[in-house]
Amino acid sequence: MTDQQLLDSLFPAAADIPEKYRFEGQLEQREYLVNGTLRTWHGPLAQVRSPVYLATANGDEQVILGSTPLLDAETALGALDAAVHAYDRGQGEWPTMRVAERIQHVEAFLRRMREQREAVVKLLMWEIGKNLKDSEKEFDRTCDYIVDTINALKELDRRSSRFELEQDTLGQIRRVPMGVALCMGPYNYPLNETFTTLIPALIMGNTVVFKPAKLGVLLIRPLLEAFRDSFPAGVINVIYGSGRETVSALMASGKIDIFAFIGTNKAASDLKKLHPRPHRLRAALGLDAKNPAIVLPEVDLDNAVNECVTGSLSFNGQRCTALKILFVHEDVVEGFIEKFNRKVHSLVPGMPWENGVSLTPLPEAGKVDYLNALVADAQAKGAAVINPGGGQTRASFFYPAVLYPVNAGMRVYQEEQFGPVVPIVPYRDLETVIDYVLESDFGQQLSIFGTDPAQVGRLVDTFANQVGRININAQCQRGPDTYPFNGRKNSAEGTLSVHDALRVFSIRTLVATRFQDGNKALISDIIRHRESTFLTTDYIF
Ligand code: G3H
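Calculation criteria
Residues numbered from 1 in each chain as written. Predicted model: local features only at pLDDT ≥ 70, side-chain atom pairs only at ≥ 80, totals over all residues. Heavy atoms only, no water. Helix = DSSP H or I, 4+ residues; strand = E, 2+ residues; numbered from the N terminus. Rg over C-alpha atoms; globule rule 2.2 N^0.38 Å. Buried < 20%, exposed > 50% of the residue type's maximum accessible area, 1.4 Å probe, protein only. Contact = heavy atoms within 4.5 Å. Areas by Shrake-Rupley, 256 points an atom, 1.4 Å probe, with all protein chains shown as cover. Lys, Arg positive; Asp, Glu negative; His and termini not counted. Charge placed at Lys NZ, Arg CZ, Asp CG, Glu CD. UniProt positions renumbered as here; feature names shortened; annotations may be inferred. Axes fitted to C-alpha atoms, helices over the stretch in contact; angles between N-to-C directions. Parallel < 35°, antiparallel > 145°, perpendicular 65-115°, else oblique. Left-handed = near helix turned anticlockwise from the far one by under 90°. Nonpolar A, V, L, I, M, F, W, Y, C, P; charged D, E, K, R; others polar.

The protein is annotated in an unreviewed UniProt entry as Putative Glyceraldehyde-3-phosphate dehydrogenase from Pseudomonas batumici.

See below:
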(Lines give C-alpha, C1' and ligand atoms only; values in the text may rest on other atoms or scores of the structure.)
Protein backbone atom coordinates (compact mmCIF):
# COMPACT_ATOMS: atom_id res chain seq x y z
CA MET A 1 0.00 0.00 0.00
CA THR A 2 1.35 3.47 -0.80
CA ASP A 3 1.38 6.16 1.87
CA GLN A 4 -1.43 7.95 0.07
CA GLN A 5 -3.58 4.83 0.10
CA LEU A 6 -2.89 4.43 3.79
CA LEU A 7 -4.29 7.88 4.42
CA ASP A 8 -7.21 7.28 2.05
CA SER A 9 -8.38 4.41 4.22
CA LEU A 10 -7.43 6.06 7.53
CA PHE A 11 -10.82 7.08 8.88
CA PRO A 12 -13.43 4.33 9.21
CA ALA A 13 -17.11 4.38 8.37
CA ALA A 14 -19.18 4.15 11.56
CA ALA A 15 -20.18 0.56 10.78
CA ASP A 16 -16.55 -0.54 10.43
CA ILE A 17 -15.72 0.18 14.06
CA PRO A 18 -15.83 -2.96 16.23
CA GLU A 19 -18.87 -2.82 18.46
CA LYS A 20 -16.82 -2.89 21.63
CA TYR A 21 -15.10 0.37 20.74
CA ARG A 22 -17.99 2.23 19.11
CA PHE A 23 -18.96 5.55 20.56
CA GLU A 24 -22.66 6.00 20.22
CA GLY A 25 -24.67 9.09 21.14
CA GLN A 26 -23.14 11.99 22.97
CA LEU A 27 -22.23 12.44 26.63
CA GLU A 28 -23.64 15.68 27.93
CA GLN A 29 -21.93 16.21 31.25
CA ARG A 30 -23.36 18.86 33.53
CA GLU A 31 -22.09 17.43 36.83
CA TYR A 32 -19.17 18.77 38.80
CA LEU A 33 -18.10 17.83 42.32
CA VAL A 34 -18.17 20.32 45.16
CA ASN A 35 -18.28 19.62 48.88
CA GLY A 36 -19.16 15.96 48.50
CA THR A 37 -22.09 16.57 46.13
CA LEU A 38 -22.41 16.16 42.38
CA ARG A 39 -23.95 19.47 41.39
CA THR A 40 -25.64 20.22 38.10
CA TRP A 41 -24.45 23.10 35.98
CA HIS A 42 -27.14 24.96 34.08
CA GLY A 43 -24.84 27.39 32.28
CA PRO A 44 -22.94 27.07 28.99
CA LEU A 45 -21.14 23.89 27.95
CA ALA A 46 -17.92 23.26 26.04
CA GLN A 47 -18.23 20.88 23.13
CA VAL A 48 -15.89 17.87 23.22
CA ARG A 49 -14.59 16.92 19.79
CA SER A 50 -12.74 13.72 19.04
CA PRO A 51 -9.57 13.65 16.96
CA VAL A 52 -11.32 10.79 15.14
CA TYR A 53 -13.31 11.55 12.01
CA LEU A 54 -15.74 9.23 10.29
CA ALA A 55 -15.67 8.66 6.56
CA THR A 56 -19.14 9.51 5.25
CA ALA A 57 -20.76 10.14 1.89
CA ASN A 58 -20.25 13.85 2.61
CA GLY A 59 -16.56 13.45 3.36
CA ASP A 60 -14.76 13.24 6.72
CA GLU A 61 -16.95 14.19 9.66
CA GLN A 62 -15.49 14.89 13.06
CA VAL A 63 -17.03 12.87 15.89
CA ILE A 64 -18.62 14.99 18.60
CA LEU A 65 -18.30 13.14 21.89
CA GLY A 66 -20.40 15.39 24.07
CA SER A 67 -19.93 18.42 26.25
CA THR A 68 -18.61 19.49 29.65
CA PRO A 69 -19.54 22.36 31.98
CA LEU A 70 -18.01 25.78 31.37
CA LEU A 71 -18.10 26.89 34.97
CA ASP A 72 -17.74 30.56 35.80
CA ALA A 73 -15.29 32.10 38.27
CA GLU A 74 -17.90 32.32 41.02
CA THR A 75 -18.65 28.60 40.86
CA ALA A 76 -14.95 27.76 40.83
CA LEU A 77 -14.49 29.93 43.91
CA GLY A 78 -17.33 27.99 45.54
CA ALA A 79 -15.31 24.80 45.02
CA LEU A 80 -12.28 26.50 46.54
CA ASP A 81 -14.34 27.55 49.55
CA ALA A 82 -15.37 23.91 50.04
CA ALA A 83 -11.70 22.86 50.03
CA VAL A 84 -10.75 25.70 52.40
CA HIS A 85 -13.60 24.75 54.71
CA ALA A 86 -12.65 21.04 54.68
CA TYR A 87 -9.06 21.97 55.53
CA ASP A 88 -10.40 24.31 58.21
CA ARG A 89 -7.06 25.97 58.89
CA GLY A 90 -5.50 22.56 59.50
CA GLN A 91 -8.16 21.52 62.02
CA GLY A 92 -10.45 19.65 59.58
CA GLU A 93 -11.25 15.96 59.76
CA TRP A 94 -8.99 15.15 56.80
CA PRO A 95 -5.79 17.01 57.71
CA THR A 96 -5.97 15.71 61.30
CA MET A 97 -6.89 12.13 60.43
CA ARG A 98 -4.48 9.32 61.30
CA VAL A 99 -2.36 8.30 58.31
CA ALA A 100 -3.65 4.71 58.44
CA GLU A 101 -7.21 5.97 58.05
CA ARG A 102 -6.36 8.29 55.18
CA ILE A 103 -4.78 5.33 53.44
CA GLN A 104 -8.04 3.40 53.81
CA HIS A 105 -9.92 6.19 52.02
CA VAL A 106 -7.45 6.14 49.14
CA GLU A 107 -7.67 2.34 48.96
CA ALA A 108 -11.45 2.59 48.79
CA PHE A 109 -11.11 5.07 45.93
CA LEU A 110 -8.69 2.77 44.09
CA ARG A 111 -11.14 -0.16 44.31
CA ARG A 112 -13.88 1.97 42.75
CA MET A 113 -11.50 3.41 40.16
CA ARG A 114 -10.49 -0.05 38.94
CA GLU A 115 -14.17 -0.77 38.15
CA GLN A 116 -14.07 2.07 35.60
CA ARG A 117 -11.09 0.80 33.60
CA GLU A 118 -13.01 -0.02 30.44
CA ALA A 119 -14.91 3.28 30.38
CA VAL A 120 -11.81 5.39 31.00
CA VAL A 121 -9.69 3.50 28.46
CA LYS A 122 -12.37 3.93 25.80
CA LEU A 123 -12.56 7.66 26.46
CA LEU A 124 -8.76 7.99 26.37
CA MET A 125 -8.87 6.56 22.83
CA TRP A 126 -11.75 8.73 21.65
CA GLU A 127 -10.81 11.97 23.37
CA ILE A 128 -7.06 12.15 22.78
CA GLY A 129 -6.44 9.45 20.18
CA LYS A 130 -4.12 7.37 22.37
CA ASN A 131 -3.89 3.80 21.08
CA LEU A 132 -5.52 0.97 23.00
CA LYS A 133 -2.31 -0.50 24.37
CA ASP A 134 -1.02 2.85 25.64
CA SER A 135 -4.44 3.82 27.02
CA GLU A 136 -4.57 0.59 29.01
CA LYS A 137 -1.00 1.19 30.11
CA GLU A 138 -1.88 4.70 31.27
CA PHE A 139 -4.75 3.40 33.37
CA ASP A 140 -2.80 0.50 34.88
CA ARG A 141 0.28 2.60 35.52
CA THR A 142 -1.89 5.06 37.41
CA CYS A 143 -3.33 2.32 39.61
CA ASP A 144 0.18 1.01 40.25
CA TYR A 145 1.26 4.54 41.15
CA ILE A 146 -1.49 4.73 43.77
CA VAL A 147 -0.45 1.39 45.27
CA ASP A 148 3.22 2.47 45.31
CA THR A 149 2.26 5.78 46.91
CA ILE A 150 0.40 3.99 49.69
CA ASN A 151 3.40 1.75 50.34
CA ALA A 152 5.81 4.71 50.28
CA LEU A 153 3.65 6.58 52.80
CA LYS A 154 3.53 3.55 55.10
CA GLU A 155 7.31 3.42 54.95
CA LEU A 156 7.58 7.17 55.63
CA ASP A 157 5.17 6.92 58.53
CA ARG A 158 7.03 3.95 60.04
CA ARG A 159 10.21 5.99 60.04
CA SER A 160 8.40 8.91 61.72
CA SER A 161 6.95 6.72 64.44
CA ARG A 162 10.18 6.89 66.46
CA PHE A 163 11.59 9.60 68.66
CA GLU A 164 15.04 11.06 68.15
CA LEU A 165 17.47 12.35 70.74
CA GLU A 166 19.99 15.03 69.72
CA GLN A 167 21.95 17.28 72.05
CA ASP A 168 19.65 16.65 74.95
CA THR A 169 16.60 17.43 72.84
CA LEU A 170 13.96 14.75 72.40
CA GLY A 171 12.03 15.12 69.17
CA GLN A 172 9.48 13.54 66.89
CA ILE A 173 9.32 14.64 63.26
CA ARG A 174 6.32 14.04 61.05
CA ARG A 175 5.27 15.24 57.66
CA VAL A 176 2.00 17.15 57.74
CA PRO A 177 -0.17 18.72 55.02
CA MET A 178 0.38 22.17 53.51
CA GLY A 179 -3.24 23.25 52.99
CA VAL A 180 -5.29 23.56 49.80
CA ALA A 181 -3.83 22.17 46.59
CA LEU A 182 -4.85 23.11 43.06
CA CYS A 183 -4.08 20.18 40.73
CA MET A 184 -4.09 20.47 36.94
CA GLY A 185 -2.82 17.93 34.44
CA PRO A 186 -1.84 17.85 30.76
CA TYR A 187 -3.90 16.52 27.85
CA ASN A 188 -1.34 13.93 26.76
CA TYR A 189 -1.56 12.02 30.08
CA PRO A 190 -4.89 13.34 31.36
CA LEU A 191 -5.20 10.54 33.89
CA ASN A 192 -1.69 9.53 34.87
CA GLU A 193 0.09 12.86 35.16
CA THR A 194 -2.82 14.45 36.97
CA PHE A 195 -3.03 11.63 39.47
CA THR A 196 0.71 11.74 40.18
CA THR A 197 0.05 15.04 41.96
CA LEU A 198 -3.58 14.58 42.99
CA ILE A 199 -3.08 11.34 44.93
CA PRO A 200 0.02 12.43 46.88
CA ALA A 201 -1.71 15.76 47.64
CA LEU A 202 -4.75 13.94 49.05
CA ILE A 203 -2.99 11.20 50.92
CA MET A 204 -0.78 13.69 52.75
CA GLY A 205 -3.89 15.38 54.15
CA ASN A 206 -4.30 18.37 51.86
CA THR A 207 -7.68 19.24 50.43
CA VAL A 208 -7.86 19.62 46.67
CA VAL A 209 -9.45 21.49 43.81
CA PHE A 210 -8.84 19.46 40.68
CA LYS A 211 -9.38 20.80 37.19
CA PRO A 212 -9.01 18.23 34.41
CA ALA A 213 -6.77 18.94 31.41
CA LYS A 214 -7.99 20.92 28.39
CA LEU A 215 -8.53 17.64 26.49
CA GLY A 216 -9.30 14.28 28.03
CA VAL A 217 -12.00 15.79 30.20
CA LEU A 218 -14.94 13.41 29.82
CA LEU A 219 -12.77 10.52 30.95
CA ILE A 220 -12.77 11.89 34.50
CA ARG A 221 -16.58 11.70 34.60
CA PRO A 222 -16.70 7.92 35.39
CA LEU A 223 -14.57 8.63 38.49
CA LEU A 224 -16.65 11.41 40.01
CA GLU A 225 -18.86 9.10 42.10
CA ALA A 226 -15.77 7.27 43.36
CA PHE A 227 -14.27 10.60 44.45
CA ARG A 228 -17.52 11.64 46.07
CA ASP A 229 -18.00 8.41 48.01
CA SER A 230 -14.40 7.77 49.05
CA PHE A 231 -13.48 11.05 50.76
CA PRO A 232 -15.09 13.34 53.33
CA ALA A 233 -17.06 16.27 51.87
CA GLY A 234 -14.91 19.06 50.45
CA VAL A 235 -11.65 17.07 50.46
CA ILE A 236 -11.73 16.65 46.68
CA ASN A 237 -13.58 19.09 44.42
CA VAL A 238 -13.61 18.73 40.64
CA ILE A 239 -14.24 21.76 38.46
CA TYR A 240 -14.45 22.34 34.71
CA GLY A 241 -14.18 25.24 32.34
CA SER A 242 -11.69 27.64 30.86
CA GLY A 243 -8.49 28.10 32.86
CA ARG A 244 -8.57 31.83 32.26
CA GLU A 245 -11.99 32.13 33.87
CA THR A 246 -11.68 29.62 36.71
CA VAL A 247 -8.03 29.05 37.61
CA SER A 248 -7.09 32.73 37.45
CA ALA A 249 -9.77 33.48 40.04
CA LEU A 250 -8.55 30.66 42.29
CA MET A 251 -4.95 31.89 42.20
CA ALA A 252 -5.93 35.53 42.68
CA SER A 253 -7.89 34.57 45.81
CA GLY A 254 -4.61 33.87 47.62
CA LYS A 255 -6.14 30.76 49.18
CA ILE A 256 -4.15 28.18 47.23
CA ASP A 257 -1.17 26.76 49.13
CA ILE A 258 0.16 24.34 46.52
CA PHE A 259 -0.07 24.77 42.79
CA ALA A 260 0.49 21.50 40.89
CA PHE A 261 0.48 22.21 37.18
CA ILE A 262 1.69 20.54 34.01
CA GLY A 263 1.73 22.78 30.97
CA THR A 264 3.72 25.64 29.49
CA ASN A 265 6.12 27.74 31.54
CA LYS A 266 4.37 30.85 30.24
CA ALA A 267 0.98 29.76 31.61
CA ALA A 268 2.58 28.70 34.91
CA SER A 269 4.33 32.08 35.29
CA ASP A 270 1.16 34.02 34.48
CA LEU A 271 -0.84 32.04 37.04
CA LYS A 272 1.79 32.21 39.77
CA LYS A 273 1.98 35.98 39.40
CA LEU A 274 -1.72 36.26 40.22
CA HIS A 275 -1.18 34.88 43.72
CA PRO A 276 -1.01 37.77 46.20
CA ARG A 277 1.12 35.86 48.74
CA PRO A 278 4.02 34.45 46.74
CA HIS A 279 5.86 33.01 49.75
CA ARG A 280 2.82 31.09 50.84
CA LEU A 281 2.53 29.34 47.50
CA ARG A 282 4.50 26.19 46.81
CA ALA A 283 4.62 25.01 43.20
CA ALA A 284 5.14 21.59 41.63
CA LEU A 285 5.46 22.20 37.90
CA GLY A 286 6.12 20.05 34.83
CA LEU A 287 6.74 22.38 31.90
CA ASP A 288 8.16 22.68 28.37
CA ALA A 289 11.04 20.54 27.17
CA LYS A 290 13.13 20.16 24.03
CA ASN A 291 15.01 16.97 24.83
CA PRO A 292 17.86 16.32 22.40
CA ALA A 293 19.33 13.00 21.29
CA ILE A 294 23.05 13.09 20.57
CA VAL A 295 24.27 10.35 18.27
CA LEU A 296 28.05 9.97 18.48
CA PRO A 297 30.23 8.59 15.65
CA GLU A 298 31.00 5.37 17.54
CA VAL A 299 27.54 4.01 18.06
CA ASP A 300 25.27 0.98 17.84
CA LEU A 301 23.25 2.51 15.02
CA ASP A 302 20.37 0.02 15.11
CA ASN A 303 19.77 0.64 18.79
CA ALA A 304 20.09 4.41 18.36
CA VAL A 305 17.56 4.36 15.52
CA ASN A 306 15.07 2.19 17.42
CA GLU A 307 15.25 4.36 20.52
CA CYS A 308 15.08 7.61 18.56
CA VAL A 309 12.02 6.48 16.61
CA THR A 310 10.06 5.49 19.71
CA GLY A 311 11.54 8.43 21.61
CA SER A 312 10.38 10.95 19.03
CA LEU A 313 7.18 9.35 17.76
CA SER A 314 5.42 7.33 20.44
CA PHE A 315 2.01 8.89 20.96
CA ASN A 316 2.85 10.96 17.87
CA GLY A 317 5.58 12.84 19.73
CA GLN A 318 3.07 14.26 22.21
CA ARG A 319 5.08 13.51 25.35
CA CYS A 320 6.92 16.07 27.40
CA THR A 321 9.81 13.61 27.52
CA ALA A 322 9.82 12.97 23.74
CA LEU A 323 13.06 13.41 21.83
CA LYS A 324 12.39 16.68 20.04
CA ILE A 325 15.66 17.21 18.16
CA LEU A 326 18.24 14.67 16.96
CA PHE A 327 21.90 15.70 16.62
CA VAL A 328 23.63 13.06 14.50
CA HIS A 329 27.37 13.03 13.72
CA GLU A 330 28.19 13.56 10.06
CA ASP A 331 30.08 10.25 9.85
CA VAL A 332 26.97 8.24 10.61
CA VAL A 333 24.15 10.52 9.54
CA GLU A 334 23.58 8.86 6.18
CA GLY A 335 23.20 5.38 7.64
CA PHE A 336 21.13 6.77 10.51
CA ILE A 337 18.66 8.47 8.16
CA GLU A 338 18.26 5.43 5.97
CA LYS A 339 17.48 3.15 8.92
CA PHE A 340 15.37 5.82 10.62
CA ASN A 341 13.17 6.31 7.59
CA ARG A 342 12.73 2.58 7.17
CA LYS A 343 11.63 2.26 10.77
CA VAL A 344 9.23 5.22 10.53
CA HIS A 345 7.74 3.63 7.42
CA SER A 346 6.95 0.50 9.44
CA LEU A 347 4.81 2.44 11.92
CA VAL A 348 1.15 1.80 11.28
CA PRO A 349 -1.30 4.71 11.01
CA GLY A 350 -4.87 4.08 11.99
CA MET A 351 -7.54 4.34 14.63
CA PRO A 352 -6.55 3.98 18.30
CA TRP A 353 -8.37 0.67 18.81
CA GLU A 354 -6.88 -1.05 15.76
CA ASN A 355 -4.28 -3.71 16.33
CA GLY A 356 -0.66 -2.60 16.02
CA VAL A 357 -1.49 1.06 15.30
CA SER A 358 0.93 3.65 16.62
CA LEU A 359 0.25 6.75 14.49
CA THR A 360 -3.11 8.30 15.31
CA PRO A 361 -5.01 11.57 14.72
CA LEU A 362 -4.01 14.58 16.84
CA PRO A 363 -6.49 15.97 19.37
CA GLU A 364 -5.47 19.65 19.52
CA ALA A 365 -7.42 22.03 17.29
CA GLY A 366 -5.06 23.80 14.90
CA LYS A 367 -2.20 21.36 15.51
CA VAL A 368 -1.91 20.14 11.93
CA ASP A 369 -1.69 23.76 10.71
CA TYR A 370 0.98 24.51 13.31
CA LEU A 371 3.08 21.50 12.26
CA ASN A 372 2.66 22.43 8.59
CA ALA A 373 3.97 25.91 9.40
CA LEU A 374 7.00 24.47 11.21
CA VAL A 375 7.79 22.25 8.25
CA ALA A 376 7.28 25.09 5.72
CA ASP A 377 9.61 27.33 7.74
CA ALA A 378 12.33 24.64 7.77
CA GLN A 379 11.87 23.98 4.06
CA ALA A 380 12.14 27.67 3.24
CA LYS A 381 15.45 27.73 5.12
CA GLY A 382 17.00 24.74 3.38
CA ALA A 383 15.68 21.55 4.99
CA ALA A 384 13.71 18.85 3.19
CA VAL A 385 11.17 16.30 4.32
CA ILE A 386 13.20 13.18 3.64
CA ASN A 387 10.87 10.31 4.47
CA PRO A 388 8.31 8.91 2.04
CA GLY A 389 4.90 10.45 2.65
CA GLY A 390 6.32 12.74 5.38
CA GLY A 391 4.05 15.61 6.34
CA GLN A 392 0.98 14.32 4.48
CA THR A 393 -2.20 15.22 6.26
CA ARG A 394 -5.82 14.29 6.42
CA ALA A 395 -8.07 16.34 8.71
CA SER A 396 -6.58 15.84 12.21
CA PHE A 397 -3.95 13.36 11.05
CA PHE A 398 -0.34 14.34 10.32
CA TYR A 399 1.99 11.68 8.96
CA PRO A 400 5.45 12.04 10.61
CA ALA A 401 7.79 14.42 8.81
CA VAL A 402 11.53 13.80 9.15
CA LEU A 403 13.32 17.09 8.47
CA TYR A 404 16.93 17.23 7.32
CA PRO A 405 19.33 19.07 7.47
CA VAL A 406 18.01 21.29 10.24
CA ASN A 407 19.99 24.32 11.39
CA ALA A 408 19.84 26.98 14.09
CA GLY A 409 17.92 29.45 11.90
CA MET A 410 14.79 27.30 11.78
CA ARG A 411 11.90 27.53 14.23
CA VAL A 412 11.92 23.79 14.84
CA TYR A 413 15.48 24.09 16.23
CA GLN A 414 14.13 25.84 19.34
CA GLU A 415 10.34 25.41 19.42
CA GLU A 416 8.84 22.42 21.17
CA GLN A 417 6.83 20.83 18.37
CA PHE A 418 4.95 18.38 20.62
CA GLY A 419 3.94 16.39 17.57
CA PRO A 420 5.21 14.10 14.79
CA VAL A 421 7.93 16.31 13.28
CA VAL A 422 11.47 14.99 13.70
CA PRO A 423 14.28 17.49 13.09
CA ILE A 424 17.71 15.96 12.39
CA VAL A 425 20.74 18.23 12.77
CA PRO A 426 24.05 16.97 11.35
CA TYR A 427 27.13 17.99 13.34
CA ARG A 428 30.90 17.61 13.09
CA ASP A 429 32.02 19.51 16.16
CA LEU A 430 30.55 18.26 19.44
CA GLU A 431 30.90 21.76 20.86
CA THR A 432 27.91 22.94 18.79
CA VAL A 433 25.76 20.29 20.48
CA ILE A 434 27.15 21.09 23.92
CA ASP A 435 26.42 24.78 23.34
CA TYR A 436 22.86 23.93 22.31
CA VAL A 437 22.26 22.25 25.65
CA LEU A 438 24.07 24.89 27.72
CA GLU A 439 22.24 27.75 26.02
CA SER A 440 18.83 26.08 25.94
CA ASP A 441 15.98 27.55 27.92
CA PHE A 442 14.98 24.02 28.87
CA GLY A 443 16.65 21.31 30.89
CA GLN A 444 14.50 18.24 31.32
CA GLN A 445 16.42 15.27 29.88
CA LEU A 446 18.66 14.20 27.03
CA SER A 447 19.86 10.99 25.40
CA ILE A 448 23.44 10.11 24.46
CA PHE A 449 23.99 7.32 21.96
CA GLY A 450 27.55 6.00 21.78
CA THR A 451 29.93 3.19 22.66
CA ASP A 452 33.19 5.04 23.34
CA PRO A 453 33.60 5.21 27.13
CA ALA A 454 35.81 8.31 27.01
CA GLN A 455 33.34 10.29 24.91
CA VAL A 456 30.22 9.16 26.72
CA GLY A 457 31.83 9.71 30.12
CA ARG A 458 32.92 13.22 29.21
CA LEU A 459 29.46 14.13 27.94
CA VAL A 460 27.81 12.81 31.09
CA ASP A 461 29.98 15.17 33.14
CA THR A 462 29.30 18.06 30.79
CA PHE A 463 25.53 17.61 31.03
CA ALA A 464 25.18 16.56 34.67
CA ASN A 465 24.53 20.18 35.69
CA GLN A 466 22.17 20.85 32.77
CA VAL A 467 19.30 18.35 32.87
CA GLY A 468 17.43 16.16 35.34
CA ARG A 469 18.18 12.86 33.63
CA ILE A 470 20.84 11.70 31.18
CA ASN A 471 19.87 8.57 29.26
CA ILE A 472 22.64 6.46 27.77
CA ASN A 473 21.71 4.48 24.66
CA ALA A 474 18.05 4.89 25.58
CA GLN A 475 15.24 7.33 24.81
CA CYS A 476 14.11 9.90 27.38
CA GLN A 477 11.25 8.89 29.65
CA ARG A 478 9.66 9.52 32.98
CA GLY A 479 9.52 5.96 34.32
CA PRO A 480 10.16 4.00 36.45
CA ASP A 481 8.00 6.18 38.68
CA THR A 482 10.21 5.52 41.68
CA TYR A 483 13.03 7.51 39.99
CA PRO A 484 13.13 11.31 40.31
CA PHE A 485 11.37 13.21 37.54
CA ASN A 486 12.26 16.88 37.31
CA GLY A 487 13.86 19.47 35.09
CA ARG A 488 15.94 22.62 35.25
CA LYS A 489 15.54 26.14 33.85
CA ASN A 490 12.08 26.53 32.28
CA SER A 491 11.31 22.80 32.29
CA ALA A 492 10.08 22.19 35.82
CA GLU A 493 9.90 23.23 39.42
CA GLY A 494 10.35 20.58 42.09
CA THR A 495 10.94 16.87 41.76
CA LEU A 496 8.29 14.19 41.47
CA SER A 497 8.64 10.48 42.05
CA VAL A 498 6.51 8.21 44.20
CA HIS A 499 8.75 9.05 47.14
CA ASP A 500 9.42 12.75 46.36
CA ALA A 501 5.79 13.65 45.69
CA LEU A 502 4.88 12.81 49.28
CA ARG A 503 7.45 15.38 50.35
CA VAL A 504 6.34 18.00 47.83
CA PHE A 505 2.82 17.95 49.26
CA SER A 506 3.82 18.12 52.90
CA ILE A 507 6.10 19.86 55.34
CA ARG A 508 7.97 18.51 58.35
CA THR A 509 6.82 19.51 61.80
CA LEU A 510 9.09 18.83 64.75
CA VAL A 511 7.81 18.42 68.28
CA ALA A 512 10.75 18.89 70.64
CA THR A 513 11.37 18.98 74.36
CA ARG A 514 14.31 18.92 76.73
CA PHE A 515 15.25 15.41 77.74
CA GLN A 516 14.24 15.77 81.40
CA ASP A 517 12.28 13.46 83.70
CA GLY A 518 9.13 15.59 83.79
CA ASN A 519 9.03 15.92 80.00
CA LYS A 520 9.79 12.25 79.46
CA ALA A 521 6.90 11.29 81.75
CA LEU A 522 4.60 13.75 79.98
CA ILE A 523 5.41 12.42 76.50
CA SER A 524 5.08 8.82 77.70
CA ASP A 525 1.63 9.54 79.11
CA ILE A 526 0.48 11.26 75.93
CA ILE A 527 1.53 8.22 73.94
CA ARG A 528 0.22 5.61 76.40
CA HIS A 529 -3.19 7.25 76.68
CA ARG A 530 -3.33 8.07 72.95
CA GLU A 531 -3.86 11.75 73.66
CA SER A 532 -2.39 12.84 70.30
CA THR A 533 -2.49 11.68 66.68
CA PHE A 534 0.84 13.41 66.01
CA LEU A 535 2.75 12.17 69.05
CA THR A 536 2.38 8.44 68.66
CA THR A 537 4.58 5.44 68.10
CA ASP A 538 1.89 3.55 66.14
CA TYR A 539 3.48 1.40 63.46
CA ILE A 540 1.53 0.91 60.23
CA PHE A 541 1.85 -2.59 58.75
O1 G3H B 1 4.42 14.05 29.00
C2 G3H B 1 5.30 13.77 29.82
C3 G3H B 1 5.29 12.52 30.59
O4 G3H B 1 5.68 12.68 31.91
C5 G3H B 1 6.15 11.51 29.96
O6 G3H B 1 6.04 10.32 30.59
O7 G3H B 1 8.11 9.38 29.58
O8 G3H B 1 6.45 7.92 30.68
O9 G3H B 1 5.93 9.00 28.49
P10 G3H B 1 6.66 9.08 29.78
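Here the narrative resumes, following the displayed structure.
## Side note on the overall build of the protein
A count of helices and strands for the protein gives 18 helices and 27 strands. For the protein, the C-alpha radius of gyration of 25 Å lies close to 24 Å, the compact-globule estimate for 541 residues. Reported as C-alpha extents along the three principal axes, the dimensions of the protein are approximately 80 × 60 × 40 Å. Expressed as a percentage of the 541 residues in the protein, the buried residues total 54%. For the protein, restricting intrachain contacts to residue pairs at least 6 apart in sequence, the fraction spanning at least 24 positions comes to 74%. Of the roughly 22400 Å² of accessible surface on the protein, 49% is carried by carbon and sulfur atoms. A distance of 5 Å separates the average location of the 57 positive side-chain charges in the protein from that of its 65 negative side-chain charges.

## Here we look at the UniProt feature "domain: Aldehyde dehydrogenase" (unreviewed entry) in the protein
Mapped onto this numbering, the UniProt entry gives "domain: Aldehyde dehydrogenase" (unreviewed entry) at residues 61-505. As a span, residues 61-505 carries 43% helix and 21% strand, and end to end its C-alpha atoms are 44 Å apart.

## A few points about unusual backbone geometry
Note that the residue after Tyr404, namely Pro405, is joined by a cis bond; omega there is -15 degrees. Along the chain, Pro405 falls in the loop between strand S20 (401-404) and helix H14 (411-414). Residue Pro480 follows Gly479 across a cis peptide bond; omega there is -10 degrees. For Pro480, the location among the structural elements is in the loop between strand S24 (469-472) and strand S25 (488-489). The backbone of Arg89 shows a phi angle near 50 degrees, a positive value even though the residue is not glycine.

## Digging into the packing of helix H15 (residues 430-439) against helix H16 (residues 453-463)
With their axes 11 Å apart at the nearest point, H15 and H16 run at an angle of 25 degrees to one another. The orientation of H15 with respect to H16, classified from their angle, is roughly parallel. The hand of the H15/H16 crossing is right-handed. Along its contact with H15, which presents Leu430, Glu431, Ile434 and Val437, the element H16 presents Gln455, Arg458, Leu459, Thr462 and Phe463. Taken together, the residues of the contact of H15 with H16 break down into five nonpolar, two polar and two charged.

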